Amino acid sequence: EMYLGRVQAFLEEMSKLFPDCNEPLQVLDLGGGTGILDIEFVKQYPNSKATIMETLEVAKVTKEIVYEHQVEQKIEVICGDFNLDPFLGPYDLIIASGILNFVTGNLSDFFKKISASLKEGGYLLIIGPSANDVNKTPANMLSWLSGFLDGIPLPPSNQEIEAAVQASNL
């Protein structure tokens, strides 16, 4: 699924934001899953480094995939909870992929934490479902249906995300 358009679209957008492939960029991927976006990023930007923050169970698999792609010198996989653990930084790019419905506490505070970890002029990339209205299911819910049925909270609405981003000065 990742290689059927998602990676290509991601790299196309990154080339617009970062046209110099030799630039030494720092990336933080919150809930990076398999790490494929980061793996392909450091391949396209060979002087860059990425950090993937993932839960213990997922991080084990992520580390194996990073090793298989032979980019373990460029990608650090750390076990952590993005709600509790510091992000450090500063980063040129922070990726928040499919995590907003797992944010505990105030969404604005979470975005302030992200903002504090970005370099001046850095970017936040949000990937994942959102609802058009508060407490409504997102239009793309089908792909997340099993998770929602298992108790994953609904994602924040577009309005909630926009308000939180503005409140955090992103």
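In case you missed it, the structure is sitting above this.
Everything quoted here is computed from the prediction, not taken from an experiment.

1. Comments concerning helix H3 (residues 56-68)
Piece 1. Here H3 is 13 residues long and its end C-alpha atoms lie 19 Å apart, about the 18 Å a rise of 1.5 Å per residue gives.
Piece 2. Among all positions of H3, only Ala59, Thr62, Ile65 and Val66 are buried. Burial along H3 is one-sided: seen end-on, the buried residues are contained in an arc of 125 degrees. Facing away from the buried side of H3, by more than 90 degrees, are the exposed residues Glu57, Lys60, Tyr67 and Glu68.
Piece 3. Contacts made by the buried residues of H3 are with helix H2 (36-44), strand E2 (49-54) and strand E3 (75-79).
Piece 4. Where H3 terminates, the next one or two residues include Gln70, which has phi positive at roughly 60 degrees.

2. Re the sheet that holds strand E5 (residues 118-127)
Piece 1. If you trace the five strands from one edge of the open sheet to the other, you get E3-E2-E1-E4-E5, paired in parallel fashion. What marks the edges here is a single partner per strand, and that holds for E3 and E5. The average undirected angle you get between the axes of adjacent strands in this sheet is 15 degrees.
Piece 2. Pairing of strand E1 (residues 26-30) with strand E4 (residues 91-97), which is carried by four bridges, proceeds in the parallel orientation. Bridging from a neighbouring strand, Leu28 pairs with Ile94 of E4.

3. Things to note about the nonpolar core
Piece 1. The biggest cluster of nonpolar side chains holds 23 residues, and the ones touching the most others in it are Phe10, Met14, Phe18, Ile39, Phe41, Ile75 and Leu93.
Piece 2. Contributing elements (two or more residues each) for this core: helix H1 (2-17), H2, E2, H3, E3 and E4.
Piece 3. Examining the composition of this core, we find that five residues originate from one element, H2, more than from any other.
Piece 4. In this structure, Phe41 is in contact with Phe10, Leu11, Met14, Phe18, Leu25, Val27, Ser48 and Leu93, ignoring residues within four places of it in sequence.
Piece 5. Core analysis: the second largest hydrophobic core is formed by 18 residues, Phe82, Val103, Phe110 and Ile114 among them.

Rules of the game
Residues numbered from 1 in each chain as written. Predicted model: local features only at pLDDT ≥ 70, side-chain atom pairs only at ≥ 80, totals over all residues. Heavy atoms only, no water. Helix = DSSP H or I, 4+ residues; strand = E, 2+ residues; numbered from the N terminus. Expected span 1.5 Å × (residues − 1). Buried < 20%, exposed > 50% of the residue type's maximum accessible area, 1.4 Å probe, protein only. Arc of directions from axis to C-beta. Contact = heavy atoms within 4.5 Å. Pairing = 2+ DSSP bridges. Axes fitted to C-alpha atoms, helices over the stretch in contact; angles between N-to-C directions. Core = buried A, V, L, I, M, F, W, Y, C linked by side-chain atoms within 4.5 Å.

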